[in-house]
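Architecture and fold: a report
Each chain, written out:
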Amino acid sequence: MRHCSVQVRGLLTRDELDRYNALMEVGSYLESQLRHDLAYTVQKEIDLLIQPAIERLKDKGRARDKATQEYLEAKRLEAGQDGEDDE
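These notes cover the structure that comes with them.

**What to know about the overall build of the protein chain**
When its secondary structure is counted, the protein chain shows 3 helices and 0 strands. Shown N-terminal to C-terminal, the secondary structure of the protein chain runs as helices and strands in the order α-α-α. Radius of gyration (C-alpha) of the protein chain: 22 Å, far over the 12 Å computed for a compact globule of 87 residues. Projecting the C-alpha coordinates of the protein chain onto the three principal axes gives extents of approximately 80 × 20 × 15 Å. Within the protein chain, buried positions represent 21% of all 87 residues. Split by element, the accessible area of the protein chain, about 6700 Å² in all, is 54% carbon and sulfur. Of the side-chain charges in the protein chain, 14 are positive and 19 negative, and the distance between the mean point of each set is 9 Å.

Right under this line is the structure:
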């Protein structure tokens, strides 16, 4: 079974995390019984379950990028105003 990243797990809701842990346990058991055909189906369910958390992580990244861009733009404008005062 493939685990999702710590960042994604951190953005799962409590219900999603409980379901994720239960599915991972079932999938691990199936793998130990060499039932990889069924473990594959469980992995697909996990992949669907974590999609909302992946989107939340992407949204956080976009918000961080936007805040960085706004900060850099403000610094650029500030530097431009400082240069005008010297003249």
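**What to know about the pattern of salt bridges**
Summed over the entire model, instances satisfying the criterion amount to 10 salt bridges. Between Lys75 and Glu78 there is a salt bridge, with its nearest N and O atoms 3.7 Å apart. With Lys75 and Glu78 both in helix H3 (residues 36–85), this residue pair falls 3 residues apart, about one helical turn. The partly exposed category is assigned to Glu78, whose relative accessible area is 43%.

**Here we look at helix H2 (residues 14–32)**
Because an α-helix completes one turn every 3.6 residues, residues spaced three or four positions apart along the sequence face the same direction. Look at H2: 27 Å from first C-alpha to last across 19 residues, which is about the 27 Å you get at 1.5 Å a residue. Backbone geometry just after H2 places Leu34 at a positive phi near 60 degrees.

**Here we look at the nonpolar core**
By size, the foremost hydrophobic cluster in this structure holds 14 residues, and its most contacted members are Leu12, Tyr20, Ile46 and Ile50. Only H2 and H3 provide two or more residues apiece to this core. Here this core takes 6 residues from H3, the largest share from any one element. Setting aside residues up to four positions removed in sequence, Ile50 forms contacts with Cys4, Val8, Leu12 and Tyr20.

**A word on the environment of Leu49**
Position of Leu49 among the secondary structure elements: in helix H3. Under the relative-accessibility criterion, Leu49 is labelled buried at 10%. With 25 residues separating them along the chain, Leu49 and Ala74 place their C-alpha atoms 39 Å apart. Not counting residues within four places of it along the chain, the set of residues in contact with Leu49 comprises Leu12, Glu16, Arg19, Tyr20 and Leu23.

Cut-offs used in this document
Residues numbered from 1 in each chain as written. Predicted model: local features only at pLDDT ≥ 70, side-chain atom pairs only at ≥ 80, totals over all residues. Heavy atoms only, no water. Helix = DSSP H or I, 4+ residues; strand = E, 2+ residues; numbered from the N terminus. Rg over C-alpha atoms; globule rule 2.2 N^0.38 Å. Buried < 20%, exposed > 50% of the residue type's maximum accessible area, 1.4 Å probe, protein only. Areas by Shrake-Rupley, 256 points an atom, 1.4 Å probe, with all protein chains shown as cover. Lys, Arg positive; Asp, Glu negative; His and termini not counted. Charge placed at Lys NZ, Arg CZ, Asp CG, Glu CD. Salt bridge = Lys/Arg side-chain N within 4 Å of Asp/Glu carboxyl O. Expected span 1.5 Å × (residues − 1). Core = buried A, V, L, I, M, F, W, Y, C linked by side-chain atoms within 4.5 Å. Contact = heavy atoms within 4.5 Å.

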